[in-house]
Amino acid sequence: ALRLAGCVNHAATLGIEGPGSISVEQILAEPFDRFLMGGDGPDNPSTRAVRANGRLAELAPVRDEQFIVLPPDLYSSGSHTILDAAEAIAASLARD
């Protein structure tokens, strides 16, 4: 979905596939513009956890609230709904 929306998936460049885990150290080592995560709305457990992490809170995408939050069913989409996920990502980018 990220590629379809014209984005680069930094986790994938590290060999992480699907909704796998990425360490704080890996996030800090890779330059990026936004966080993509699943959740219900912009203030959810995932965004709160990122904001609460002292090292991540200093990153520009966190300070500037550059979160793309997809509904959980689109976040781990791998079927025909991948187009819906790509459209949601593109719409979020267009708002910025």
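Each value, and the rule that gives it
Residues numbered from 1 in each chain as written. Predicted model: local features only at pLDDT ≥ 70, side-chain atom pairs only at ≥ 80, totals over all residues. Heavy atoms only, no water. Helix = DSSP H or I, 4+ residues; strand = E, 2+ residues; numbered from the N terminus. Core = buried A, V, L, I, M, F, W, Y, C linked by side-chain atoms within 4.5 Å. Buried < 20%, exposed > 50% of the residue type's maximum accessible area, 1.4 Å probe, protein only. Contact = heavy atoms within 4.5 Å.

### Observations concerning the environment of Ile 82
- Along the chain, the position of Ile 82 falls in helix H7 (residues 82–95).
- Separated by 81 residues in the primary sequence, Ile 82 and Ala 1 have C-alpha atoms spaced 5.6 Å apart.

### Topic: the nonpolar core
- Among the nonpolar cores identified, the biggest contains ten residues, and these are Val 24, Ile 27, Phe 32, Phe 35, Met 37, Val 50, Leu 56, Leu 59, Val 62 and Phe 67.
- Elements with a contribution of two residues or more to this core: helix H2 (24–29) and strand E1 (35–38).
- In this structure Phe 32 touches His 10, Ile 27, Leu 59 and Pro 61, once residues within four positions along its chain are discounted.

### A closer look at the side chain of Ser 92
- Along the chain, Ser 92 falls in helix H7.
- By relative accessible area, Ser 92 is classed as buried at 8%.
- Once you skip the residues sitting within four places of it in the chain, Ser 92 turns out to touch Phe 67 and Ile 68.

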